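Here is what each chain is made of, one letter per residue.
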Amino acid sequence: MRRPIAVVTTFGLGRTPVQIGMMQALANRGLEADYVIGTSLGAINAAALAAGRSGEQLREFWAWAHEEVFGSPVRALARGLTAKQARRQQGNFSARLEELLPGSFAELATPLRLVATDLASGSEVVLDSGDLQAAVKASCAVPGVFPPVEVEDAYLIDGGLVAGMPLLTVPDDVGTVIVLDTGHSAVSLEAAGGYRWWEVAALSYAHQIRGQAVNALVRTVRHCPVVMLSTDSGKMLDFPQPDALIEAGLTAAEEQLTRLPGRLRRGIYNLPPGLDEFEVLRARQAGP
């Protein structure tokens, strides 16, 4: 009898749709999640996977999100700067989310855990029961884009702030963790020199979040194998049409899954660029 598999979706900003292609690669191999864990904008994909939604449904959602919310980061930030516009933006987002997902965790086909950040204390909050819509909106309430979400007398924001790669939320009985990763946040010197203020702020945010993954990976591989499916295709601070990103995620995941041995041992498989700069992670590689 095989031990459970957990699929983890990460923080990703503009690259988040690559996770849809990675999910398709897993489905192509008959790899099904026994648990799903998500954070930040990846919470949308995690919840959809747990609800049994199709790749096409997710593709349609992200195409809508590109057109109405994220396609112009400047416009999205401008809307988020005023309470009235932020509520309107979240209202449109909420209505579309209701078309994609059920209303309650109890309606999901697979157990789901989402991570959010308590605005008052800065602590991690794990959401795994009750109102699914509120939990997803809280987990992906990126500051400056969406307002905080009230859940059980707490105001919650983007889970990526405390867990950009929420491995520490994986249940103890899991035998293999598969991470749907959106790649490192580094950019070229030339690109960084031309960034506007909001791009500098967003990139700083992404760097901080990416650094959290080191400790989470070290602690997780003590107990089970961690398979990284990763691509840095696309720009983290742009939100293009999702089709190319989905295809990039599928291509990368297919290639990385092909490299796996027939039997996994504890350690990290497919350690991606950026994270491979850390000796503590290189020492824990179990395969290519």
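See the structure above.
Reading the values: the criteria
Each chain has its residues counted from 1, running along the sequence as written. Selection of residues for local features in this predicted model requires a pLDDT of at least 70, selection of side-chain atom pairs for listing and counting requires 80 or more, and totals for whole chains, interfaces and linings are taken over all residues. Water and hydrogen atoms were dropped before computing side-chain values, which therefore reflect all heavy atoms in the structure. Accessible area is worked out with a 1.4 Å probe on protein chains only. A residue is then buried under 20% of its type maximum, exposed over 50%, and partly exposed in between. Helical segments are the DSSP runs of H or I of at least four residues, strand segments are the runs of E of at least two, and each set is numbered from the N terminus. The term salt bridge refers to a pairing of a side-chain nitrogen on Lys or Arg with a carboxyl oxygen on Asp or Glu at a separation within 4 Å. To pair, rings of Phe, Tyr and Trp, with the six-membered ring standing in for Trp, must have centres within 6.5 Å; the planes then decide the type, stacked if under 30 degrees apart, edge-to-face if over 60, and tilted in the middle. Only heavy atoms enter the contact rule, under which two residues are in contact if any of them lie within 4.5 Å.

What exactly am I supposed to notice about helix α6 (residues 132-139) here?
An α-helical turn contains 3.6 residues, so any two residues separated by three or four positions project in the same direction. Of all 8 residues in α6, 8 are buried, a share of seventy percent or more. Every buried residue of α6 is listed here: Leu-132, Gln-133, Ala-134, Ala-135, Val-136, Lys-137, Ala-138 and Ser-139.

Mind showing me how you'd approach the pattern of salt bridges here?
Pairing between side chains of opposite charge can happen when their charged atoms approach one another. Applying the stated criterion to the full structure yields 6 salt bridges. Linking Arg-29 and Glu-254 is a salt bridge whose minimum nitrogen-to-oxygen distance equals 2.2 Å. Here Arg-29, found in the loop between α1 (18-28) and β2 (35-39), pairs with Glu-254, found in helix α10 (residues 242-258); they are 225 residues apart in sequence, far enough to count as distant. A residue is classified by how much of its surface remains accessible, and Arg-29, at 34% relative accessible area, is partly exposed. One salt bridge connects Arg-259 with Glu-255, and the closest N-O pair in it is separated by 2.5 Å. For Arg-259, a relative accessible area of 35% translates into the label partly exposed. Taken together, the shared-partner salt bridges connect Glu-56, Arg-59 and Asp-243 into one network.

Mind showing me how you'd approach the packing of aromatic side chains here?
In this description, an aromatic ring pair is defined by two values, namely the gap between the centres and the angle between the planes. Counted by the stated rule, this structure contains 4 aromatic pairs. Here Phe-61 and Trp-64 contribute two aromatic rings whose centre-to-centre distance is 6.0 Å and whose plane-to-plane angle is 45°, an arrangement assigned as tilted. Placement of the pair is Phe-61 and Trp-64 together in helix α3 (residues 55-70), with a separation of 3 residues, close to one helical turn. One aromatic cluster is present, built from ring pairs that chain together Phe-61, Trp-62, Trp-64, Phe-93 and Phe-146.

What's the story with the environment of Leu-127 in this structure? I'm lost.
If you trace the backbone, Leu-127 turns up in strand β4 (residues 124-127). Along the primary structure Leu-127 and Ser-139 are separated by 12 residues, whereas in three dimensions their C-alpha atoms are 8.7 Å apart. Once you skip the residues sitting within four places of it in the chain, Leu-127 turns out to touch Phe-105, Leu-112, Arg-113, Leu-114, Ala-116, Ala-135, Ala-138, Val-151 and Leu-156.

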